[in-house]
Amino acid sequence: MREFTIMTDSCCDMTAAMAEELELSVLPLSLHMGEAVYRNWLDGRDIAFPEFYSRVRGGQDATTAAVSVGDFETEMRRVLSSGRDILCISFSSALSATYQSASIAAEDLRPEFPEARICVVDSLCASLGQGLLLWLCAQEQKKGRTVEEVRDFAEKTKGKVCHWFTVDDLNHLKRGGRISAATALFGTMLSIKPVMHVDGGGHLTPVGKARGRRASLLALVDEMEKTAIAPGEQTVFISHGDCLADAEFMAEEVRRRFGTKDIHINYVGPVIGSHSGPGTMALFFLGTAR
């Protein structure tokens, strides 16, 4: 049985240490901010995450770009030349062209490596939801599963990776076209916080509203209570837009309600953070359905 590498992109928002431990190959998306272009490396080598959020709070905007076909071809060729197969699990195709880039690169390389298996999966996930799916797939890989078996596991599991999030500043969603200017204005005046999720098609979808920050955080945990599968026994991921204290508050609430022990917290990276803004809070877990 040929060994294989799990490949992904930086919108998985894992820590660099976790990605290294799982032996993932991670390609960075990029962002243009001010006069510079930065790659969204997991270790923040181009732009540190606190610096990015400080600049956004100061009024700077950023535009983002997917991983290119050429970047995927270069990294895929490197892996395939070592004799390993590839399972590439990408950021949701509803939010980025990264999946399309990976698929084109795989097709271009198949004639060059006819004996290799190159499997590309559209995660339909974002941030640490994508990270959670990758983490679960890496556990299957450690059990000795083949690349096809882990690909099938990813396809079967991705619809159960629940994404619940809220934002602190509605104006970032307004700029991204997610809500109207009027909704952003009145929501800000009344301290209304949206409760949103990533639906089965990988789109960001408003589901409800909460009055005030604390209520919005508790609302995310309420959603976990409705659908989580054995919440005390699973691994839960939380990502935040430079608001660690809120992330720790939510983690403690999850522990208190469900007895969950394995909770991982990390930043929402600059690419996703460019659209969601500082103060974003997101909770990811396995549920009966999204």
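The coordinates are above.
Below you will find a few notes about this structure. Given the structure is predicted, the values throughout are model-derived calculations rather than measurements.

**Side note on the environment of Val121**
Along the chain, the position of Val121 falls in strand E7 (residues 118-122). Distance in space between the C-alpha atoms of Val121 and Ala102 is 9.2 Å, their sequence separation being 19 residues.

**Brief notes about the environment of Glu35**
Note that Glu35 resides in the loop between strand E3 (30-33) and strand E4 (36-39). Take Glu35: its relative accessible area is 82%, and that puts it in the exposed class. Sequence separation between Glu35 and Gln100 is 65 residues, and the spatial gap between their C-alpha atoms is 28 Å.

**Topic: the sheet that holds strand E6 (residues 85-90)**
As summarised here, the arrangement of the 4 strands in space is E2-E1-E6-E7, forming an open sheet in which the pairing is parallel. If you trace the sheet from one side to the other, it starts and ends with strand E2 (25-27) and E7, each paired once. Strand-to-strand, the axes of this sheet are offset by a mean angle of 20°, without reference to chain direction. Pairing of E6 with E7 involves 5 bridges; the strand directions are parallel. Note on E7: the bridge partner recorded for Cys88 is Val120. Its contacts with the sheet place helix H5 (residues 127-142) against strand E1 (4-9) and E6, and it is angled at close to 175° to E1. The sheet contacts of helix H6 (residues 147-157) involve E1, E6 and E7, and relative to E6 the element is tilted by about 10°.

**Section: the pattern of salt bridges**
Counted under the stated rule, the structure contains 22 salt bridges. Across the salt bridge formed by Lys143 and Glu140, the nearest N and O atoms sit 2.9 Å from each other. Assessed through its relative accessible area of 11%, Glu140 is described here as buried. Overlapping salt bridges bring together Asp222, Glu225, Glu253, Arg256 and Arg257 as one network.

So, how was this worked out
Residues numbered from 1 in each chain as written. Predicted model: local features only at pLDDT ≥ 70, side-chain atom pairs only at ≥ 80, totals over all residues. Heavy atoms only, no water. Helix = DSSP H or I, 4+ residues; strand = E, 2+ residues; numbered from the N terminus. Buried < 20%, exposed > 50% of the residue type's maximum accessible area, 1.4 Å probe, protein only. Pairing = 2+ DSSP bridges. Axes fitted to C-alpha atoms, helices over the stretch in contact; angles between N-to-C directions. Contact = heavy atoms within 4.5 Å. Salt bridge = Lys/Arg side-chain N within 4 Å of Asp/Glu carboxyl O.

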